[in-house]
Amino acid sequence: MSIVLYEERGPAAWITLNRPEKRNAITNDLLALVSEGIARAAASGARVIVLTGAGEKAFCAGGDLQPGGGFDFDFASPRTAYGNLLRQSQDCPLPIIAAVNGHCVAGGMGFLAMADMAIAVEEAKFGLPEVKIGLFPYQVLSLLKDLVPPRILREMCLTGALYDAEFAGAAGLLNRVVPRGGLMAAVEEMAAALATTSPTATRRGKYAMRALAAMDFDRAISFAEGQLGLATLTGDAREGLASFNEKRPTAFRGD
């Protein structure tokens, strides 16, 4: 069986890390298959991507530390497979939900951070333990720095401690914390809500949010003004305004 599973369920494309016996640890093969799944979902009729892990122990335990595992680098290339996956996630036109079914540590925190939204079970633990094996969460920091307050992030990076789901939620890493039995229902509810929105507005909105993050106010407001004007020219915006005025359900086409 594949170490990454892909399945389309209703509006959602589910990508499942499938190495439960290894706590869904990351290898280059796993990264390639997750990347393939994201590309496949974006090219399909799916409206949202759900990223989760198999089993109940771990969402993702980070890089596979065994020889030949997740720490084989091509030093002739300035980019890594893991970094390329994070780049791909940020360019993905579909919303990504992380369904955190268990512990999420080290490189798994990057999988969590690359998602637009996250729901976790109450038992999940979170951490960046790299300092305990002589490393540091360099690549993960590229996304975590915009999610977690600086003091909290420094504590997590420098102590390598594990934290509970309540702490992770308060730190800005999670949208919801739910009992284990309610995880799938909570994720499906969020996916269904996302599926009712405009694909065009979502696609353009994700692009805008990423661009705005790197701008000061004056550049940001000028950019936003232009984006709003362009958005009114899209088919989805015309349909949305027409359906509002005609008091009927919308029929978005994603154009």
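Residues numbered from 1 in each chain as written. Predicted model: local features only at pLDDT ≥ 70, side-chain atom pairs only at ≥ 80, totals over all residues. Heavy atoms only, no water.

- The protein goes by Enoyl-CoA hydratase in an unreviewed UniProt entry, where it is assigned to Haematobacter massiliensis.
- Turning to the protein, the UniProt record has this under Sequence similarities (unreviewed entry): "Belongs to the enoyl-CoA hydratase/isomerase family." (UniProt positions renumbered as here; feature names shortened; annotations may be inferred.)

### Things to note about the overall build of the protein
Now for step 1: A tally of helices and strands in the protein yields 10 helices and 10 strands.
Now for step 2: Dimensions of the protein along its principal axes, counting C-alpha atoms only, are 60 × 45 × 40 Å.
Now for step 3: Per-residue burial over the protein gives 44% buried out of 255 residues.
Now for step 4: Counting contacts in the protein only where the partners sit at least 6 residues apart, residues at least 24 apart contribute 68% of the total.
Now for step 5: Taken as a whole, the protein presents about 13300 Å² of accessible surface, with 58% of it coming from carbon and sulfur.
Now for step 6: Side-chain charges in the protein split into 25 positive and 27 negative, and the spacing between the mean points of these groups amounts to 2 Å. (Helix = DSSP H or I, 4+ residues; strand = E, 2+ residues; numbered from the N terminus. Buried < 20%, exposed > 50% of the residue type's maximum accessible area, 1.4 Å probe, protein only. Contact = heavy atoms within 4.5 Å. Areas by Shrake-Rupley, 256 points an atom, 1.4 Å probe, with all protein chains shown as cover. Lys, Arg positive; Asp, Glu negative; His and termini not counted. Charge placed at Lys NZ, Arg CZ, Asp CG, Glu CD.)

### A word on the pattern of salt bridges
Now for step 1: Tallying each qualifying case throughout the model produces 11 salt bridges.
Now for step 2: Linking R19 and D64 is a salt bridge whose minimum nitrogen-to-oxygen distance equals 3.1 Å. Here R19 is found in the loop between β2 (12-17) and α1 (28-43), whereas its partner D64 is found in the loop between β4 (58-60) and α2 (81-91), with 45 residues between them in sequence.
Now for step 3: Its relative accessible area of 11% is what places R19 among the buried residues. (Salt bridge = Lys/Arg side-chain N within 4 Å of Asp/Glu carboxyl O.)

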